[in-house]
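# A closer look at the structure
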Amino acid sequence: NTLRSFVAIVEEGGFSAAARRVHRTQSAISVQIAKLEDRLNTKLLERENRPITVTAPGESFLSYAYKILELADEAVLAATSPEETTLLRVGFGQFLVPYDLHNLLARFRRTHPNCDLVLNLGPGTMLLQQLEKGELDVVFAGPEAESGQKLWEEPLVWSGTTNLSKNPDDPIELILMHAPCSFRKVAFDALAKSAKSWKVSINANSLQAVQSAVRAGLGVSVMPLSSVAEDMPLVHDLPELPNTMVMSYVHPDVSHPYAERLVDYLMEGVNESIDRRSKIYAVK
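Residues numbered from 1 in each chain as written. Predicted model: local features only at pLDDT ≥ 70, side-chain atom pairs only at ≥ 80, totals over all residues. Heavy atoms only, no water.

## Notes on the overall build of the chain
Definition in use: Going along the chain from the N terminus, every DSSP run of H or I of four or more residues is numbered as a helix, and every run of E of two or more is numbered as a strand. The classification of residues rests on relative accessible area computed with a 1.4 Å probe and restricted to protein chains. Under 20% of the type maximum is buried, over 50% is exposed, and intermediate values are partly exposed. Here a residue-residue contact requires only that any non-hydrogen atoms of the pair lie within 4.5 Å. Accessible areas in this description were obtained via Shrake-Rupley with a 1.4 Å probe; residue shielding takes into account the shown protein chains only. Working convention for charge: Lys and Arg count positive, Asp and Glu count negative, and His plus the chain ends are omitted. Every charge is mapped to an atom, namely NZ of Lys, CZ of Arg, CG of Asp or CD of Glu.
Helix and strand counts for the chain come out as nine helices and ten strands. When its C-alpha atoms are laid out on the principal axes, the chain stretches across 60 × 55 × 30 Å. The burial tally for the chain puts 45% of its 284 residues in the buried class. For the chain, contacts bridging at least 24 residues in sequence account for 77% of all contacts bridging at least 6. If you sum the accessible surface of the chain, you get close to 14800 Å²; carbon and sulfur atoms cover 52% of it. Each charge class in the chain can be summarised by its mean position, and for the 28 positive and 35 negative side chains these summaries are 5 Å apart.

Written out as structure tokens, the structure is:
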């Protein structure tokens, strides 16, 4: 597919990496793009740059390519979705919610119109207990149990603002979620390795509350990269943080016609979001 090859080249920054991603040879996708540019009678890519960059017409074409591919994927999913109306009860660890989750669920619902969704947010251990009792069909949480399937791994980052450049002796003001959020310990352990003083200025009861406090410039927080909106700044002069991961859990004795589809859908969508944010924020 020429559009998928074009998008891959832009996102990967070159033909060789894009070829591996779309499982074609480099020469094959090079021919695809050359034919596309001939058909459009315009140059879409600046091949001399490293990494390859997009021309102004290429930027316009890229926005349409994303929309066309999204609609094509939705059409395939809609045509192959089960016909019966079914309720899918989803649990999501409240400290791990990706910023794009609402968009991903909306797209999933459009492509699976016969799937009604119920979304519960809460601590992972509580959600897994509800799954065991048959009160949920699929849970997305951290590695709290051994039966999960790893969906994605991503860096934890410091997001927010500090006054260290003006007053280096002032304590770092932390915005953290209430225990048992594991990111509290991550923040404390990381700062313990440095000489910086700190204090917990805000204890929040949800990721959305943390995001609001960060946007208001009230301090810094530890967040998964996928949870950081593009208008929220990262702080790079604080100690390095480890990665975190999200697992999916389903009851071993109960099957659901939509659970596996949602797992695959979120895994692909969030991994794309993490890749995009990693490039925007230059996070490795």
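## Considering the layout of surface pockets
To keep it simple, the criterion reads: Only protein atoms enter the calculation, which uses a 1 Å grid: trapped sets of points that fit a 1.4 Å probe without letting it out are cavities, open sets showing protein on both sides within 12 Å along at least five of seven lines are pockets, and any residue with an atom within 4 Å of a point is a lining residue. Grid points are joined across faces, edges and corners, and a volume is the space filled by probe spheres set on the points. In the scheme used here, Gly and all other residues not listed as nonpolar or charged are polar, with Ala, Val, Leu, Ile, Met, Phe, Trp, Tyr, Cys and Pro taken as nonpolar and Asp, Glu, Lys and Arg as charged.
As a volume, the largest pocket reaches approximately 1200 Å³. The wall of the largest pocket is formed by 32 residues, among which Glu-11, Arg-21, Tyr-66, Glu-272 and Arg-276 lie closest to the centre. With twelve residues, helix α9 (residues 259-281) is the single largest residue contributor to the lining of the largest pocket. A per-class count over the lining of the largest pocket returns ten nonpolar, five polar and 17 charged.

## Here's the deal with the packing of aromatic side chains
Just so we agree on the cut-off: Within 6.5 Å between ring centres, the rings of Phe, Tyr and Trp (the latter by its six-membered ring) count as paired, and their orientation is classed by plane angle as stacked under 30 degrees, edge-to-face over 60, tilted in between.
This model, assessed by the stated rule, comprises four aromatic pairs. The interplanar angle of 15 degrees and the centroid separation of 4.8 Å between the aromatic rings of Phe-188 and Trp-198 together place this pair among those described as stacked. In this pair, Phe-188 is assigned in helix α7 (residues 182-192) and Trp-198 in strand β8 (residues 198-204), connecting sequence segments ten residues apart. Here Trp-198 falls in the partly exposed class, since its relative accessible area comes to 34%.

## Points about the packing of helix α1 (residues 2-12) against helix α3 (residues 26-40)
For clarity, the threshold we go by: The angle between two axes is taken between their N-to-C directions and runs from 0 to 180 degrees, where each axis is a line fitted to C-alpha atoms and a helix contributes only its stretch in contact. Any angle between 65 and 115 degrees counts as roughly perpendicular, while under 35 counts as roughly parallel, over 145 as roughly antiparallel, and the rest as oblique.
Direction vectors running N to C along α1 and α3 enclose 105 degrees, while the axes themselves pass 10 Å from each other. Classified by the angle between their axes, α1 and α3 sit roughly perpendicular to one another. Taking contact as the criterion, the partners of Thr-2, Ser-5, Phe-6 and Ile-9 in α1 are, on α3, Ile-29, Gln-32, Ile-33 and Leu-36. Of the residues contributing to the contact of α1 with α3, the split by class is five nonpolar, three polar and no charged.

## Let's talk about unusual backbone geometry
Although it is not a glycine, His-23 sits at a positive phi angle of roughly 60 degrees. Tracing the chain through its elements places His-23 in the loop between α2 (15-22) and α3. Phi angles above zero are rare outside glycine, and Asn-41 is one such case at about 55 degrees. When you line up the elements, Asn-41 lands in the loop between α3 and β1 (45-46).

## Topic: the pairing of strand β6 (residues 149-160)
Threshold: Strand pairing follows a simple DSSP-based rule, namely that at least 2 bridges must link the two strands.
Counted residue by residue, β6 has nine buried out of twelve residues, so it is predominantly covered. Across six bridges, the pairing between β6 and strand β10 (residues 243-250) is antiparallel. Pairing of Trp-152 across the sheet is with Val-246, part of β10. With five bridges connecting them, β6 and strand β9 (residues 220-224) associate as antiparallel partners. If you follow Leu-156 over to β9, its bridge partner there is Pro-224.

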